[in-house]
2 protein chains.
Amino acid sequence: MSAAPVTAAPTTWSLAVHGGAGGMSPATLSAAAQAAARAALHTALAAGAAILRDGGGAIDAVAAAVAVLEDAPQFNAGHGAVFTADGTVELDAAIMDGRNRRAGAVARVTRTRHPVDLARAVMARTPHVMLAGVGADAFALTTELEQVANDWFKTPERRRQFAEGGATFDRAMKYGTVGAVARDNDGHVAAATSTGGVTGKKWGRIGDSPIIGAGTYADDRACAVSATGSGEDFLCAVAGHEVAAQVRLAGQSLTAAVRAVLDEVAAGGGAGGMIAMPRTGEPVLTFTTTAMYRGSVAADTPATVAIFAED
Amino acid sequence: MSAAPVTAAPTTWSLAVHGGAGGMSPATLSAAAQAAARAALHTALAAGAAILRDGGGAIDAVAAAVAVLEDAPQFNAGHGAVFTADGTVELDAAIMDGRNRRAGAVARVTRTRHPVDLARAVMARTPHVMLAGVGADAFALTTELEQVANDWFKTPERRRQFAEGGATFDRAMKYGTVGAVARDNDGHVAAATSTGGVTGKKWGRIGDSPIIGAGTYADDRACAVSATGSGEDFLCAVAGHEVAAQVRLAGQSLTAAVRAVLDEVAAGGGAGGMIAMPRTGEPVLTFTTTAMYRGSVAADTPATVAIFAED
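Worth saying up front: this structure is predicted, and the values here are computed from it rather than measured. (Residues numbered from 1 in each chain as written. Chains lettered and ligands numbered in written order. Predicted model: local features only at pLDDT ≥ 70, side-chain atom pairs only at ≥ 80, totals over all residues. Heavy atoms only, no water.)

*Asks:* I keep staring at the packing of helix α7 (residues 239-250) of chain B against helix α8 (residues 254-267) of chain B and nothing clicks. Help me out?
*Replies:* Helix packing for two helices is described by the angle between their axes and how far apart those axes are. All names here are of chain B. Axis separation between α7 and α8 bottoms out at 9 Å; the angle between their running directions is 140 degrees. Considering their axes alone, α7 and α8 lie oblique with respect to each other. Of the two elements, α7 crosses α8, and the hand of that crossing is right-handed. Where α7 approaches α8, its residues Ala239, Glu242, Val243, Gln246 and Val247 are matched on the opposing element by Leu254, Ala257, Val258, Ala260 and Val261. Its residues assigned to classes, the contact of α7 with α8 shows eight nonpolar, one polar and one charged. (Axes fitted to C-alpha atoms, helices over the stretch in contact; angles between N-to-C directions. Helix = DSSP H or I, 4+ residues; strand = E, 2+ residues; numbered from the N terminus. Parallel < 35°, antiparallel > 145°, perpendicular 65-115°, else oblique. Left-handed = near helix turned anticlockwise from the far one by under 90°. Contact = heavy atoms within 4.5 Å. Nonpolar A, V, L, I, M, F, W, Y, C, P; charged D, E, K, R; others polar.)

Right under this line is the structure:
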């Protein structure tokens, strides 16, 4: 037998999630709500970690983590998503695989329980990247993915908010997008994002979450990114790809690249946060709002979750 | 009076347009069709040049040039767009202003004669960047933009193609997207793109044209870009922003940056073309297909148009 080749230290898996950036504070978010959100973040991390720990792929881990957050009523994605101006729920999601930079996205779907899985089906089973509206709902029927009535997404809390405020909720409510970035033991990265968009949205508005390069981006040459915040600002900044480009083309550190893009968004009056996973080392979780639901776990690091800046 | 400040030579205006990349050849495109396409490209250049020559803005010029190409039945945008699998016409368009990197986009609209103008209205009159589907059609009704029956977009030639081929047209037919990039005398750049998408599209497919950063991108710090081709490949490459990032972050020449992105698309089995306008100097018009309807004009250069590689 020949000797084993000399290799660099093996890459170890890492996972980060977010449940949206916003104006939450300990004064406005009840202890019970904080505890429920933290528990959901832990469950999402556990779902992704179980895959990565067993040698599973980053793309599987981000899908699993985001699916948990879609089911959690605390966040603005899947079950618990905010209402459009018409009182319906319309969901956007995207997923991207850093290995080959293939991606899938859906916009304004209304019946698939886990939009992130529908985005993945677009990537895996069609020649397309992005499907929208009734057409995307029709595509869902060609898959085995669980279909639900639109009412299934509507939680009592969101119904109450809609009845009270209609289309004019406070800014803090707008930032509930969920997302995940992961690196597997083979060093591949992936990203996924899912959202109900902004409360009271109309005219078929699509934000940054399902836009490849903006709210969701993954590239093994650089990093994986999932964004949350004032979507239009992240869209025009092409936020995810800009972070990756600064790392890949300018040799910028991931921390500095994320900060630069958030600063650009802030200069335009926007706010939000990003989670980003590098090829090696620790993920970056940064936000310019007062809080961001977030958490991370890695091969050598227990899961931790946080909400406020001071957490 | 103080002496005039020393300044660099003033920037001069420049405009480039495309009517889509594809597999056209002198053997498959009749002389009459070639002449009609060349005439339409000249008309589009003249419309944009008239604005730029008078000191008008790049954003106005690209909108005017693209509106001409939307009306021209030779190209797959506006009047003359290809049909979906359902036999309807659904149109995508985007516009971006390099001065402030603000943008507007519409996807799958069915009743606005000039989708590029609707994209501009999204940018100018809403807090949003992207509107889609029936919602975007409803937004159009709040503007003064000309509304038409969906049948208005359907030319006899496209009806014949649909009747004969349905959803399985040759690859060459798929690349009829139109676009424009411009630089005005103040040195600002802008880009616009408009398309009917791919023939026989279904499930609400959205390609790269209306995706800010992919098919359409403009940034005064780098360049303006409009792409045409196999949309999914350009979408995953985040083609427009990648070109701009290579110029801005890596100091790449515009020619080399466009070539690098087209090579990346080709490596993935895709094909198409891009037009790109730098902050100074001449535009780049490059394609990996056998042909691309294209043309350019500048303050000091008469209008020229071309179709085939050897033109």
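*Asks:* Would you mind going over the packing of aromatic side chains with me for this structure?
*Replies:* Residue and element names in this part refer to chain A. Evaluation of the coordinates by the stated rule reveals eight aromatic pairs over all chains. Between Phe83 and Phe162, the aromatic rings sit 5.2 Å apart at their centres with planes inclined by 40 degrees, giving tilted as the arrangement. Taken together, the residues span a long stretch of sequence, with Phe83 in the loop between α2 (58-71) and β2 (91-97) and Phe162 in helix α5 (residues 156-165) at a distance of 79 residues. Residue class for Phe83 comes out buried when judged on its relative accessible area of 7%. What makes Phe162 partly exposed here is its relative accessible area of 25%. Of note, Lys154 hangs over the ring of Phe83, and the distance from its end group to the ring centre comes to 5.4 Å. (Phe/Tyr/Trp six-rings, centres within 6.5 Å; stacked < 30°, edge-to-face > 60°. Buried < 20%, exposed > 50% of the residue type's maximum accessible area, 1.4 Å probe, protein only. Lys NZ or Arg CZ within 6 Å of the ring centre and 35° of its normal.)

*Asks:* Just checking my understanding: could you explain the pairing of strand β13 (residues 301-308) of chain B for this structure?
*Replies:* Consecutive residues of a regular strand have side chains that alternate between opposite faces of the sheet. Residue and element names in this part refer to chain B. The pairing of strand β12 (residues 291-298) with β13 spans five bridges and is classified as antiparallel. Considered in β13, the bridge of Ser296 is made with Thr304. From the end of β12 to the start of β13, which pair antiparallel, there are two residues. (Pairing = 2+ DSSP bridges.)

*Asks:* Explain the sheet that holds strand β4 (residues 130-132) of chain A here, please?
*Replies:* Backbone hydrogen bonds are what pair the strands of a sheet, in a parallel or an antiparallel way. Taken together, the nine strands give an open sheet; going across it, the order is β13(A)-β12(A)-β1(A)-β5(A)-β6(A)-β2(A)-β3(A)-β4(A)-β7(B), and neighbouring strands pair in mixed fashion. Every other strand in the sheet has two partners, leaving β13 (301-308) of chain A together with β7 (205-206) of chain B as the edge strands with one partner each. Examined bridge by bridge, β2 of chain A and strand β3 (residues 102-109) of chain A share six bridges and lie antiparallel to one another. By the bridge assignment, Ile95 of chain A is partnered in β3 of chain A with Gly104 of chain A. The strands touched by helix α1 (residues 31-53) of chain A are β1 (14-22), β5 (178-183), β12 (291-298) and β13 of chain A; relative to β13 of chain A, the strand with the most contacts, the crossing angle is about 150 degrees.

*Asks:* What exactly am I supposed to notice about the interface of chain B and chain A here?
*Replies:* Between chain B and chain A, the contact holds 39 residues from the first and 39 residues from the second. Broken down residue by residue, the surface that chain B buries against chain A is led by Trp203, Cys236 and Leu249 of chain B, which jointly contribute 23%. Summed over the shared surface of chain B and chain A, the result is four salt bridges. Ionic pairing is found between Arg248 of chain A and Glu242 of chain B, a salt bridge with its closest N-O pair at 2.6 Å. Looking at the side of chain B that touches chain A element by element, the count peaks at seven residues for α7 of chain B. A per-class count over the side of chain B that touches chain A returns 22 nonpolar, eight polar and nine charged. (Buried area = accessible area lost by both parts, 1.4 Å probe. Salt bridge = Lys/Arg side-chain N within 4 Å of Asp/Glu carboxyl O.)

*Asks:* Help me out: how do you make sense of the packing of helix α3 (residues 115-125) of chain A against helix α4 (residues 133-140) of chain A in this one?
*Replies:* Residue and element names in this part refer to chain A. The N-to-C vectors of α3 and α4 enclose an angle of 80 degrees; their axes lie 11 Å apart at closest approach. When the axes of α3 and α4 are compared, the pair comes out roughly perpendicular. Only Ala136, Phe139 and Ala140 of α4 make contact with α3, whose side of the interface consists of Leu118, Ala121 and Val122. Split into classes, the residues belonging to the contact of α3 with α4 amount to six nonpolar, no polar and no charged.

*Asks:* Any chance you could explain the side chain of Arg108 of chain B here in plain terms?
*Replies:* Residue and element names in this part refer to chain B. With respect to the helices, strands and loops of the structure, Arg108 is situated in strand β3 (residues 102-109). Looking at Arg108, its side chain comes within polar contact range of the main-chain oxygen of Arg205, at 2.7 Å. With residues up to four places along the chain from it excluded, the contact list for Arg108 reads Glu90, Leu91, Asp92, Gly133, Lys201, Gly204, Arg205 and Ile206. (Polar contact = N/O pair within 3.5 Å; in protein donor to acceptor, adjacent residues only side chain to side chain.)

*Asks:* When you look at the sheet that holds strand β9 (residues 223-229) of chain A in this model, what are you seeing that I'm missing?
*Replies:* Residues and elements named next belong to chain A. The strand order across the open sheet built from four strands is β8-β9-β10-β11, with neighbouring strands paired in antiparallel fashion. Two strands lie at the open edges of the sheet, namely β8 (216-219) and β11 (284-287), each paired on one side alone. Across this sheet, the average inter-strand angle for adjacent strands is 10 degrees, counted without regard to direction. Sheet analysis places β9 next to strand β10 (residues 272-278), joined by seven bridges and oriented antiparallel. Paired with Ser226 across the two strands is Ile275, which belongs to β10. Contacting β9, β10 and β11, helix α8 (residues 254-267) crosses the sheet at an angle of about 155 degrees to β10.

*Asks:* I'm lost on the pattern of salt bridges in this one. Help?
*Replies:* When the charged atoms of two side chains lie near each other, side chains of opposite charge can form a pair. Residues and elements named next belong to chain A. This structure, assessed with the given rule, holds 34 salt bridges over all chains. Of the charged contacts in the structure, one is a salt bridge between Glu146 and Arg113, with a shortest N-O distance of 3.1 Å. You can see Glu146 sitting in the loop between α4 and α5 and its partner Arg113 sitting in the loop between β3 and α3, a full 33 residues away along the chain. Given the relative accessible area of 22%, Arg113 is considered partly exposed. Between Arg160 and Glu164 there is a salt bridge, and its shortest N-O distance comes to 2.8 Å.

*Asks:* When you look at helix α2 (residues 58-71) of chain B in this model, what are you seeing that I'm missing?
*Replies:* Every α-helix carries 3.6 residues per turn, so stepping three or four residues along brings you back to the same face. Residues and elements named next belong to chain B. For α2, which comprises 14 residues, the first-to-last C-alpha distance of 20 Å matches the rise-based estimate of 20 Å (1.5 Å per residue) to within 8%. Counted residue by residue, α2 has eleven buried out of 14 residues, so it is predominantly covered. Among the residues making up α2, those that are buried are Ala58, Ile59, Ala61, Val62, Ala63, Ala64, Ala65, Val66, Ala67, Leu69 and Glu70. Each element contacted by the buried residues of α2 is listed here: β1 (14-22), α1 (31-53), β2 (91-97), α3 (115-125), β5 (178-183) and β6 (189-195). (Expected span 1.5 Å × (residues − 1).)

Function cannot be read off these values alone, since they describe shape.
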